[in-house]
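What follows is the residue order along each chain.
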Amino acid sequence: MQQGTIVVMKERQKLAELLRNCSKNLILDVGKQVHGAVLRMGYAFDLMINNDLIGMYGKCSRIKLARSVFDKMLERNVVSWTALMCGYLQRGNAQESLLLLSRMVCANVRPNEFTLSTNLKACGSIGALENGRQIHGLCGKSGFEKYPVVGNSIIDMYSRCGKIGEAENMFHEMPERSLITWNVMIAGYATGGFGDKSLFLFKQMQEQGEIPDEFTFASTLKACSGFKAVREGSQIHGFLITRGFLVSSQKVIAGALIDLYVKSGNLFEAQKVFSQLEQKSVISWTTLMVGNAQEGKLPEAMDLFKQLRESSIEFDGFVLSSMMGIFADFALVELGKQLHCCAVKVPAGLDISVLNSVIDMYLKCGLIEEAEALFDGMPHKNVISWTVMITGYGKYGLGLEAVGLFKKMHMDNVEPDEVSYLALLTACSHSGLVQESEEYFSKLCNSNRLKPSVEHYACMVDILGRAGRLKEAKVVIENMPLKPNVGIWQTLLSACRVHKNVEIGREVGEIILKLDGNNPVNYVLMSNIFADACRWEECEGLRGLVKAKGLKKEAGQSWVEIDKKMHFFFNRDETHPLTKAIHEFLYRMEKKMKDEFGYTREASFSLHDVEEETKDESLRFHSEKLAIGLALLSGGDEIEGKPIRVFKNLRVCGDCHEYIKGLSKIFKKILLVRDANRFHKFENGACSCRDYW
């Protein structure tokens, strides 16, 4: 009898050890085989083995199987509940972990330090501050607050919830501080934007004899990156090298260094660290790609993307969303489609964040029908999904469609946030929907859950300004409960220019120049108003100030994709191989429009280009004209029904707007131009913006 019991115990222990090994090494197939053996050998209701099964399935990301084992258990202990909570948290379902904690307390099962630590992490991951405070209170009452694993989790929770002061209090109350304690607090400061405190703590821990590890260095470098302390970051990099620390083999530290150098604009050093990495992480690839794209080095970014595709690294949601963001910003429609094809082949491609970024890419590339089809086919939509689509409709001037979608979002029980309202009000503004904008702005102001920001008030100023109600718009700014910023005054000044109201324009302009006297855009806005009114002396006086201060405007740039290759143009650009042919084509089209429609290049239009390209002769060779000229010369008019898509980083000027309308009539072609404000759909001599942008 005794011998039989020993055999059973050994057998049971062996099954448990096998499951723990599968859990540790993520060997799902073997784990399933062991589960089968458990059932055959009569251990289906063994508490210890069931706990190990839950842990194994949770670690292997098979939470439904873990839950199935849990639900069938006749007896559960604190380990059973905690193992399932860990599984849910690992899958990103923090809410379910917190629900389990509530059920566990109701079942009179006392939580241990690991249960509490797990759920504090859950609170931190979703910013559930009140839940976190309740669990903190439970820790104090149960005596677990002083346990290192719990104390560290409390610090982390408060840091992630933006309560850095409460995190500090817990840090100072800790009876013993381990390396993890220091790391959590340093990381909290870095994440919260208190880089100087991170660096101070980094120095203090070493003075107290604590030796930093890779996580300490990574968090400290992140702190340097946050407030662009390149010198301090470089010193840490040098310290690591002199101490013989192999950065090339440390993905976390190398990733932090790459991020630091990218954010400080030092792509050479970033590339150097990246090239030396033995095992490149997905985050490092993406950081360097985005950094190159943001610095305008698109070929380098595309080359990195090609290398990533050829590597054995599987795309995750972060990479897919980041790359979609690049393709969206630069309107790389063909590459965006290719990436979408890649995304549907990997599990991460079904992530709601990835699908949202794909919709955004299609909208920014002018493919509204593709965006609508993807949006309609989404099995689940969050508030971001709806907001992206509403924003897209706004950019296309489809205000009524945006309002309809906003209503449908309400019907689907998705609560709009401040960004959703901003997207809706912007859409109403672009479509001149004054009544609708006033209705929804009133709802926002009367909401108990949301509060309007300066940007929401700016939308109302823009809407009223477009309608010519300039005095009302000015009253909105003066009476709003928030401090007006430069942007909202610029919105009113732009309306003054459109409606040629010099008096209000001068008053607003003086306010703007006091707030931001070193921005050339403000001077050009004012000078345009004076030029319209033929007040040349005041106009020249402002332009003289710009020259005296040495202020320079952002360069206008346009680009077009032809046969999967990007072509970039600046104003009066002569670097393209087909420059001569493009110029000749633009001359011919100008003459044809002059003869057929009476088109003339007005010097006054050059004054209306708020940001760039102001000389009369340069009007003929503005960047958007050059891009469209190349597209038409390259056969862009041969495919029936296919629009030519051109993109510009600044606002389209008045002369180009008239010229492109003429081209659309001559070629009977749809020309889609995305500028800094919106999309312009030119068709048969008219524009979707109705000449107000």
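Scroll up for the structure.
What this report covers is the structure whose coordinates are included nearby. This structure is a prediction, so every number in the text was calculated from the model and none was measured.

Cut-offs applied
What you see as residue numbers is a count from 1 along each chain, following the sequence as written. Side-chain atom pairs in this predicted model are given and counted only at pLDDT of 80 or more, local residue features only at pLDDT of at least 70, and totals for whole chains, interfaces and linings cover all residues. Computation of side-chain values covers all heavy atoms of the structure but excludes hydrogens and water. Cavity and pocket criteria rest on a 1 Å grid covering protein atoms alone: a 1.4 Å probe that fits but cannot get out defines a cavity, protein on both sides within 12 Å along at least 5 of 7 lines defines an open pocket, and an atom within 4 Å of a point defines a lining residue. Grid points are joined across faces, edges and corners, and a volume is the space filled by probe spheres set on the points. Numbering goes from the N terminus for both helices and strands, where a helix is a DSSP run of H or I of at least four residues and a strand is a run of E of at least two. As a working rule, the residues Ala, Val, Leu, Ile, Met, Phe, Trp, Tyr, Cys and Pro are called nonpolar, Asp, Glu, Lys and Arg charged, and the rest polar, with Gly in that last group. Reported domain spans reflect what an automatic or database domain assignment gives. To get an axis, a line is fitted to the C-alpha atoms, and for a helix only the part in contact is used. The angle between two axes follows their N-to-C directions and goes from 0 to 180 degrees. Comment on the angle field: the value is read as roughly parallel under 35 degrees, roughly antiparallel over 145, roughly perpendicular from 65 to 115, and oblique elsewhere. Handedness of a crossing is defined here by the sense of rotation of the near helix relative to the far one, left-handed for an anticlockwise turn of less than a right angle and right-handed for a clockwise turn. When checking whether two residues touch, look at their non-hydrogen atoms; a contact exists if any pair is within 4.5 Å. We count a salt bridge whenever a side-chain nitrogen from Lys or Arg sits within 4 Å of a carboxyl oxygen from Asp or Glu. Burial classes: relative accessible area under 20% of the type maximum marks a residue as buried, over 50% as exposed, and values in between as partly exposed (1.4 Å probe, protein chains only). Classification of ring pairs rests on two measures: the distance between centres of Phe, Tyr or Trp rings, Trp counted by its six-membered ring, which must be within 6.5 Å, and the angle between planes, read as stacked under 30 degrees, edge-to-face over 60 and tilted in between. Nonpolar core, defined: a set of buried Ala, Val, Leu, Ile, Met, Phe, Trp, Tyr and Cys residues in which side-chain atoms within 4.5 Å join the residues together. In this analysis, strands are considered paired if DSSP registers two or more bridges between them.

**Focus: the layout of surface pockets**
And step 1. Counted as a void, the largest pocket has a volume near 1200 Å³.
And step 2. Every element with two or more residues in the lining of the largest pocket is listed here: helix 23 (383-395), helix 25 (418-431), helix 27 (454-466), helix 29 (486-498), helix 31 (520-532), helix 34 (603-608) and helix 36 (654-667).
And step 3. Residue classes in the lining of the largest pocket are distributed as 17 nonpolar, 15 polar and 11 charged.
And step 4. The two domains that each donate at least three residues to the lining of the largest pocket are domain 2 (453-553) and domain 3 (557-687).
And step 5. Taken as a whole, the second largest pocket holds about 960 Å³ of empty space.
And step 6. Considering the residues around the second largest pocket, the lining is formed by 31 residues, among which Arg160, Ala187, Thr191, Ser219 and Lys222 are closest to the centre.

**Considering the packing of helix 26 (residues 434-445) against helix 27**
And step 1. Two elements in contact, helix 26 and helix 27, have axes whose closest approach is 10 Å; the angle formed by their N-to-C orientations is 160 degrees. Taken together, the axes of helix 26 and helix 27 lie roughly antiparallel to each other. Along this stretch, helix 26 crosses helix 27, giving a crossing that reads as left-handed. Contacts between helix 26 and helix 27 involve Val434, Ser437, Glu438, Phe441, Leu444 and Cys445 from the first element and His456, Tyr457, Met460, Ile463 and Leu464 from the second.

**Some thoughts on the pattern of salt bridges**
And step 1. A full pass over the atoms with the stated rule returns 25 salt bridges.
And step 2. We note a salt bridge from Arg67 to Asp71, for which the minimum N-O separation is 3.2 Å. Of the two residues, Arg67 and Asp71 are both situated in helix 4 (residues 63-72); the distance of four residues between them amounts to about one turn of the helix.
And step 3. Residue classification places Arg67 among the buried positions, given a relative accessible area of 16%.
And step 4. With a relative accessible area of 43%, Asp71 lands in the partly exposed category.
And step 5. Note that Lys197 is salt-bridged to Glu168, the shortest N-O span being 3.3 Å. Placement of Lys197 in helix 12 (residues 195-207) and of Glu168 in helix 10 (residues 164-173) is noted, with a sequence separation of 29 residues between them.
And step 6. For Glu168, a relative accessible area of 17% gives the class buried.
And step 7. Residues participating in the shared-partner salt-bridge network are Arg67, Asp71 and Glu96.

**A look at the environment of Tyr396**
And step 1. Here Tyr396 shows up in the loop between helix 23 and helix 24 (399-411).
And step 2. Residue class for Tyr396 comes out buried when judged on its relative accessible area of 12%.
And step 3. Along the backbone, Tyr396 and Arg674 are 278 residues apart, and their C-alpha atoms lie at a distance of 9.3 Å.
And step 4. Ignoring sequence-local partners within four residues, the contact set of Tyr396 consists of Tyr362, Leu363, Gly366, Leu367, Ile368, Arg678, Phe679 and Ser688.

**With respect to the environment of Met526**
And step 1. Inspection of the secondary structure assignment puts Met526 in helix 31.
And step 2. With 13 residues separating them along the chain, Met526 and Cys539 place their C-alpha atoms 7.6 Å apart.
And step 3. Each residue touching Met526, except ones within four places of it in the same chain, is listed here: Leu493, Gly505, Arg506, Gly509 and Leu542.

**Side note on the packing of aromatic side chains**
And step 1. Considering all chains together, one arrives at 17 aromatic pairs under this definition.
And step 2. Between the aromatic rings of Phe171 and Trp182, the centroid separation amounts to 5.4 Å while the plane-to-plane angle is 75 degrees, which identifies the pairing as edge-to-face. Of the two residues, Phe171 is situated in helix 10 and Trp182 in helix 11 (residues 179-192); the sequence distance between them amounts to 11 residues. Accessibility classification places Phe171 together with Trp182 in one group, the buried group.
And step 3. Considering the side-chain rings of Phe406 and Tyr440, the 5.3 Å spacing of their centres and the 80 degrees angle between planes classify their relative orientation as edge-to-face.

**Let's talk about the side chain of Ser23**
And step 1. Checked against the element boundaries, Ser23 lands in helix 1 (residues 2-25).
And step 2. Residue Ser23 is classed as buried on the basis of its relative accessible area of 12%.
And step 3. Apart from the residues lying within four places of it in its own chain, the contact partners of Ser23 are Gly55, Met56 and Lys59.

**Section: unusual backbone geometry**
And step 1. Residue Ser61 is not a glycine yet carries a positive backbone phi of 60 degrees.
And step 2. Here Ser61 is to be found in the loop between helix 3 (47-59) and helix 4.
And step 3. Owing to a relative accessible area of 27%, Ser61 belongs among the partly exposed residues under this scheme.
And step 4. Although it is not a glycine, Cys534 sits at a positive phi angle of roughly 60 degrees.
And step 5. Turning to its location among the elements, Cys534 is positioned in the loop between helix 31 and helix 32 (536-549).
And step 6. Residue Cys534 is classed as exposed on the basis of its relative accessible area of 52%.

**What about the nonpolar core?**
And step 1. One finds Met323, Ile326, Phe327, Leu339, Ile359, Ile488 and Leu492 to be the most contacted residues of the largest nonpolar core, which totals 188 residues.
And step 2. Each residue touching Met323, except ones within four places of it in the same chain, is listed here: Met289, Met302, Phe305 and Leu339.
And step 3. In terms of nonpolar packing, the next biggest core, distinct from the first, is built from 31 residues, Phe569, Ala627, Ile644 and Cys689 among them.

**Some thoughts on the sheet that holds strand 2 (residues 565-570)**
And step 1. Here we have six strands laid out as an open sheet, ordered 2-1-3-4-5-6, and mixed in their pairing. Every interior strand has two partners, whereas the edge strands, strand 2 and strand 6 (686-687), have only one.
And step 2. The pairing of strand 5 (residues 679-683) with strand 6 spans two bridges and is antiparallel. Residue pairing across strands places Phe682 opposite Cys687, the latter belonging to strand 6.

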